[in-house]
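Each chain, letter by letter, is given below.
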Amino acid sequence: MLMKKIFLSHQGRDLKRGQIKGIALTDYYHPSPPPKSGFHRYQFMLFEQPPGTTLQEKSPRGKWDPQAFITKFGLGTPVATLQFLTKNYND
């Protein structure tokens, strides 16, 4: 799985207002599937950060293991998820 963006310490009240704040562990890269590679699935998962937890991750984008991250920091089940399919805009 390719990591797109991770935010930490984001307050729920800001999210409700559409204000994306917090500590970014990674930069955002928009979906960009290679030409003629068909549809690619993208997932966004929102977790509640356990109180007092400091999350740090130093993984290359293409080698990131989301399940290991979830387990390592005791994040449990996502409180919200979003999935979509997209393909190269020239296909």
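Each value, and the rule that gives it
- Residues numbered from 1 in each chain as written.
- Predicted model: local features only at pLDDT ≥ 70, side-chain atom pairs only at ≥ 80, totals over all residues.
- Heavy atoms only, no water.
- Helix = DSSP H or I, 4+ residues; strand = E, 2+ residues; numbered from the N terminus.
- Contact = heavy atoms within 4.5 Å.
- Areas by Shrake-Rupley, 256 points an atom, 1.4 Å probe, with all protein chains shown as cover.
- Phe/Tyr/Trp six-rings, centres within 6.5 Å; stacked < 30°, edge-to-face > 60°.
- Buried < 20%, exposed > 50% of the residue type's maximum accessible area, 1.4 Å probe, protein only.
- Core = buried A, V, L, I, M, F, W, Y, C linked by side-chain atoms within 4.5 Å.
- Patch = residues over 30% accessible without salt bridge, like charges linked within 9 Å, V, L, I, M, F, W, Y side chains within 5 Å.
- Salt bridge = Lys/Arg side-chain N within 4 Å of Asp/Glu carboxyl O.

*Asks:* Got a minute to help me understand the overall build of the protein in this structure?
*Replies:* For the protein, the count of helices and strands is 2 helices and 4 strands. Along the protein, from the amino end to the carboxyl end, the secondary structure elements read β-α-β-β-α-β. Counted over contacts in the protein with a minimum sequence separation of 6, partners at least 24 positions apart contribute 60%. Only carbon and sulfur atoms are counted for the fraction: they give 54% of the accessible area of the protein, which is about 6900 Å².

*Asks:* Explain the packing of aromatic side chains to me, please; I cannot follow it from the model alone.
*Replies:* Two measures describe an aromatic ring pair: the distance that separates the ring centres and the angle between the ring planes. On inspection of all chains with the given rule, the structure shows 3 aromatic pairs. Summarising the aromatic geometry, the rings of Y42 and F84 are spaced 5.4 Å apart at their centres and angled 15° between planes, so their arrangement reads as stacked. With Y42 in strand β3 (residues 40-46) and F84 in strand β4 (residues 80-86), this residue pair connects regions lying 42 residues apart in the sequence. On the accessibility criterion, Y42 (13% relative accessible area) is buried. What makes F84 partly exposed here is its relative accessible area of 29%. Taken together, the ring pairs in this structure connect Y42, F44 and F84 into an aromatic cluster.

*Asks:* Any chance you could explain the nonpolar core here in plain terms?
*Replies:* Grouped burial of nonpolar side chains is what soluble globular proteins tend to show. Of all hydrophobic cores here, the largest spans 7 residues; its members are F47, L55, W64, F69, I70, F73 and L75. Residues within four places of L75 in sequence aside, it is in contact with F47, E48, P50, L55, F69 and I70.

*Asks:* I would appreciate a short explanation of unusual backbone geometry in the present structure.
*Replies:* Trans peptide bonds make up the majority, and among non-glycine residues the majority have a negative phi. Even without being glycine, K36 reaches a positive phi, approximately 60°. Looking at the secondary structure, you find K36 in the loop between β2 (23-24) and β3. For K36, a relative accessible area of 76% puts it in the exposed group.

*Asks:* I tried to follow the environment of P34 on my own but got confused; where do I start?
*Replies:* Looking at the element boundaries, P34 is found in the loop between β2 and β3. For P34, a relative accessible area of 44% corresponds to the partly exposed category. Note: C-alpha distance between P34 and N88 (54 residues apart in sequence) is 6.1 Å. Residue contacts for P34: discarding those within four places in its chain leaves H40, N88 and D91.

*Asks:* Mind showing me how you'd approach a nonpolar patch on the surface here?
*Replies:* A surface patch of nonpolar side chains, about 300 Å² in accessible area, is lined by Y28, F44 and L82. Position of L82 relative to the elements: it lies in strand β4. Among the residues examined, L82 registers a relative accessible area of 48% and is labelled partly exposed.

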